[in-house]
Amino acid sequence: MTFLELCQLLRQEAGISGNGPASVSTQTGINKKIVDWVSRAYEGVQSEETRWRFLWRQDTFLTELGKRDYDPINDLGLENFNSWDKHSFYVLRANSNQKTELNFMDWEVFRSFSFGSQFPGFTDFTILPNKTLRLGSEPTVAETVEFEWWSSPHALTQNTST
């Protein structure tokens, strides 16, 4: 159902007299209250859990030579980014076309290993406190990384928003 249909259904189910709303924008009076109630309820339901299935996403990116850190929004373009699925990272090796699982390490552990050493082939990675993805070493060839993530709750704003 769309945002507008949910508002119209609320009015009908609640037995509120009158018609509408005909649109979710520029409402006043009871129609504005209906739009606001539906909007708050929708955001409230989404906020009950951080990992709803409908907020789950799959994606890929191509590593850049010499680049270890990837910001989810600025570097990878993940709109409404919320969190990574740390156990879903795979790299498709350029030289063998082989898919290899990447090993997640907590930042505190990763940090202690990364001083003065390199992880060959970036088989390990971590998530920095600011949610940036850090590979264990700098890629020497461009390779595809597959991963899963969750988006943030979003607001209903237009008549046709779902």
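Everything numeric here is computed off the predicted structure, so don't read it as measured data.

The next thing to look at is the pattern of salt bridges. Pairing between side chains of opposite charge can happen when their charged atoms approach one another. By the definition in use, this model includes five salt bridges. One salt bridge connects D36 with K32, and the closest N-O pair in it is separated by 3.0 Å. Of this pair, D36 and K32 both sit in helix α2 (residues 29-47), four residues apart, roughly one helical turn. With relative accessibility at 27%, the residue D36 sits in the partly exposed group.

Of all hydrophobic cores here, the largest spans 18 residues; its most connected members are W84, F89, F125, L133 and F147. Examining the composition of this core, we find that three residues originate from one element, strand β9 (residues 144-151), more than from any other. Residues contacting F125, with those up to four places away along its chain left out, are K86, F89, L102, N103, F104, M105, F110, L133, R134, L135 and G136.

This part is about the packing of aromatic side chains. What the rule picks out here adds up to 11 aromatic pairs. Relative to Y70, the ring of F61 lies with its centre 4.7 Å away and its plane at 45°, an arrangement referred to as tilted. As far as the burial class goes, F61 and Y70 line up, both buried. Grouped by ring-pair contacts, the aromatic residues F61, Y70, F81, W84, F89, F104, F125, F147 and W149 constitute a single cluster.

This next bit is on the confidence of the model for the protein chain. For the protein chain, the average pLDDT comes to 91, and 95% of its residues sit at 70 or higher. Ranking the helices and strands of the protein chain by mean pLDDT puts strand β1 (residues 56-62) first, with 97, and helix α3 (residues 107-114) last, with 82.

When the terminal C-alpha atoms of α2 are compared, their 27 Å separation across 19 residues agrees well with the 27 Å that a helix rising 1.5 Å per residue should span. Those residues of α2 not exposed but buried are N31, I34, V35, V38, S39 and Q46. Buried residues of α2, seen end-on, are gathered within an arc of 125° and therefore sit on one face of the element. Relative to its buried face, α2 has exposed residues pointing more than 90 degrees away, namely R40 and S47.

This part is about the sheet that holds strand β7 (residues 124-127). The strand order across the open sheet formed by four strands is β2-β8-β7-β6, and the pairing between neighbours is mixed. Whereas interior strands pair on both sides, the edge strands pair on one side only; in this sheet they are β2 (69-70) and β6 (103-104). Relative to strand β8 (residues 133-135), β7 runs antiparallel, the two being bridged by three bridges. Its bridge partner lying in β8, F125 is registered against L135.

Moving on, we get to the side chain of R68. Secondary-structure assignment places R68 in the loop between β1 and β2. With no salt bridge to any partner, buried R68 finds its closest opposite charge in D69, at an N-O distance of 5.3 Å. In this structure the side chain of R68 is engaged in a polar contact, spanning 3.5 Å, whose partner is the backbone oxygen of G136.

Summarising the element assignment, E108 is placed in helix α3. For E108 and T126, which are 18 residues apart along the polypeptide, the C-alpha to C-alpha distance reads 9.3 Å.

Another point: unusual backbone geometry. Cis geometry is adopted by the peptide bond preceding P21, which originates at G20 and carries an omega value of 5°. Note on placement: P21 falls in the loop between α1 (3-14) and α2. Positioned with a positive phi, T26 is a non-glycine residue whose angle comes to about 50°. By the secondary structure assignment, T26 is in the loop between α1 and α2. The exposure class assigned to T26 is exposed, which follows from its relative accessible area of 80%. Positioned with a positive phi, K131 is a non-glycine residue whose angle comes to about 75°. Among the secondary structure elements, K131 is positioned in the loop between β7 and β8.

Thresholds applied
- Residues numbered from 1 in each chain as written.
- Predicted model: local features only at pLDDT ≥ 70, side-chain atom pairs only at ≥ 80, totals over all residues.
- Heavy atoms only, no water.
- Salt bridge = Lys/Arg side-chain N within 4 Å of Asp/Glu carboxyl O.
- Helix = DSSP H or I, 4+ residues; strand = E, 2+ residues; numbered from the N terminus.
- Buried < 20%, exposed > 50% of the residue type's maximum accessible area, 1.4 Å probe, protein only.
- Core = buried A, V, L, I, M, F, W, Y, C linked by side-chain atoms within 4.5 Å.
- Contact = heavy atoms within 4.5 Å.
- Phe/Tyr/Trp six-rings, centres within 6.5 Å; stacked < 30°, edge-to-face > 60°.
- pLDDT = per-residue confidence, 0-100.
- Expected span 1.5 Å × (residues − 1).
- Arc of directions from axis to C-beta.
- Pairing = 2+ DSSP bridges.
- Lys, Arg positive; Asp, Glu negative; His and termini not counted.
- Polar contact = N/O pair within 3.5 Å; in protein donor to acceptor, adjacent residues only side chain to side chain.

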